[in-house]
Amino acid sequence: MIRVLVVDDQSLVRAGFRTILDSEPGIEVVGEAEDGELAVARTLELAPDVVCMDVQMPNVDGLEATRRLTADPRVDAAVLVLTTFDREDYLFAALEAGASGFLLKNSSPERLIDAVQVLAGGEALLAPDVTRRVIEAARRHGVLAAGGGAGGADAPGAAVPAPASGPGDEASAPPARPSAPPELDTLTDREREVLVLLAEGLSNAEIAGRMWVGEATVKSHVSKVLMKLGLRDRVHAVVYAYEHGVVSPAG
């Protein structure tokens, strides 16, 4: 049974998510929280497998709550951020905070259920909508080098796109792309191919179909890629691939 905590400041939204998730065999909503501070307390109390986290909430917002949860060694839950993407910087702040999944609030009930199942299975998820936002931001203003982790000492943080220039910054040039890091050379050809496909937002099943191998083989390749590159999960692998030129935004 997958245990889920639903966090949102709107009671109707929480009720809707509970109805959707409780209707799926194998998923149980074990609790709710209306702000980030309560989300942290309920996570420690209830030990859910997945926390469905809103971003904009009173008191402690979802970004700070995600940072606290991913930095706490007592917490095993994966954080699924659900947002309307009213502000693009929320996406990258959540990525830096250590969230393992991102989904638009207007996604279908089936996609919400699938996202919870993916995260509970130990994987991470970037919806196609989110992948496009990462790519668009990378195209516009480059990225920062990977930094220290919000996800704990043994979980490196995400690389996040640099803030967009303001109206008075016309003369500022975009940051130069860093040279390829040496750890990229440790990847085999197959592992590098998997990294490219991850950057396209493909699931393990889709990668398996593209490479004509089994899902277990893909999962092994993904694990080795993450280990060799020092990344927490596939979400961060997507940003890493664009950051270091393994793939380039189209256009």
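Provided above is the structure to which this section pertains.
The present account deals with the structure reproduced in this document. Treat the numbers as computed from the prediction; the structure is a model and nothing was measured.

Core analysis: the biggest nonpolar cluster contains 30 residues, and V7, V51, M53, L69, V81 and F102 have the highest contact counts within it. At the level of elements, β1 (2–7), β2 (27–33), α2 (36–46), β3 (50–53), α3 (62–71), β4 (78–83), α4 (88–97) and α10 (234–243) are the ones that each hand at least two residues to this core. Here this core gets six residues from one element, more than from any other, and that element is α4. Residue contacts for V51: discarding those within four places in its chain leaves L5, V7, T43, L69, A77, A78, V79 and L80.

What follows is about the pattern of salt bridges. A side chain of one charge can pair with a side chain of the opposite charge if their charged atoms are brought near each other. Here the structure, examined in full by the defined rule, presents twelve salt bridges. The partner of R18 in a salt bridge is D22, with the nearest N and O atoms 3.6 Å apart. Of this pair, R18 and D22 are both found in helix α1 (residues 11–22), four residues apart, which corresponds to roughly one turn of the helix. For R18, a relative accessible area of 27% gives the class partly exposed. Across the pair R68 and E64 runs a salt bridge whose closest N-O atoms are separated by 3.1 Å. Of this pair, R68 and E64 are both found in helix α3, four residues apart, which corresponds to roughly one turn of the helix. Each member of the salt-bridge network shares a partner with another, and the members are R14, R18, D22 and E32.

With that out of the way, let us pick up the pairing of strand β5 (residues 101–104). Burial along β5 is two-sided: G101 and L103 facing one way and F102 and L104 facing the other are all buried. Bridging between β4 and β5 involves four bridges; their strand directions are parallel. Looking across to β5, one finds that L82 is bridged to L103.

Turning to the environment of L198, a few remarks are in order. Structurally, L198 can be placed in helix α7 (residues 189–199). For the pair L198 and H236, spaced 38 residues apart in the sequence, the C-alpha separation amounts to 9.9 Å. Setting aside chain neighbours within four positions, we find L198 in contact with I207, V222, R234, A237 and V238.

We now examine α7. Of all the residues in α7, the buried ones are E191, V194, L195, L197, L198 and A199. Of the residues flanking the end of α7, it is G201, one or two places downstream, whose phi is positive at about 85 degrees.

Let us look at the pairing of β2. For β2, the buried fraction is high: five of the seven residues fall into the buried class. Relative to β2, β1 runs parallel, the two being bridged by six bridges. Paired with I2 across the strands is I27, a residue of β2. In this view, the connection linking β1 to its parallel neighbour β2 by way of α1 has right-handed handedness.

Positionally, P48 belongs in the loop between α2 and β3. The class of P48 is buried, set by a relative accessible area of 4%. Sequence-wise, P48 and G31 are 17 residues apart; in three dimensions their C-alpha atoms are separated by 8.6 Å.

Right, let's talk about unusual backbone geometry for a bit. Notably, A47 is not glycine yet its phi reads approximately 50 degrees, a positive angle. One can find A47 in the loop between α2 and β3. For W212, which is not glycine, the phi torsion reads 60 degrees and is therefore positive. Structurally, W212 can be placed in the loop between α8 (204–211) and α9 (215–229).

Turning to the side chain of H221, a few remarks are in order. Along the chain, H221 falls in helix α9. H221 gets classed as buried once you look at its relative accessible area, which sits at 15%. When near neighbours in sequence (up to four residues on either side) are disregarded, H221 contacts R190, E191 and V194.

How each quantity is defined
Residues numbered from 1 in each chain as written. Predicted model: local features only at pLDDT ≥ 70, side-chain atom pairs only at ≥ 80, totals over all residues. Heavy atoms only, no water. Core = buried A, V, L, I, M, F, W, Y, C linked by side-chain atoms within 4.5 Å. Buried < 20%, exposed > 50% of the residue type's maximum accessible area, 1.4 Å probe, protein only. Helix = DSSP H or I, 4+ residues; strand = E, 2+ residues; numbered from the N terminus. Contact = heavy atoms within 4.5 Å. Salt bridge = Lys/Arg side-chain N within 4 Å of Asp/Glu carboxyl O. Pairing = 2+ DSSP bridges. Right-handed = clockwise from strand over helix to strand, strands pointing away.

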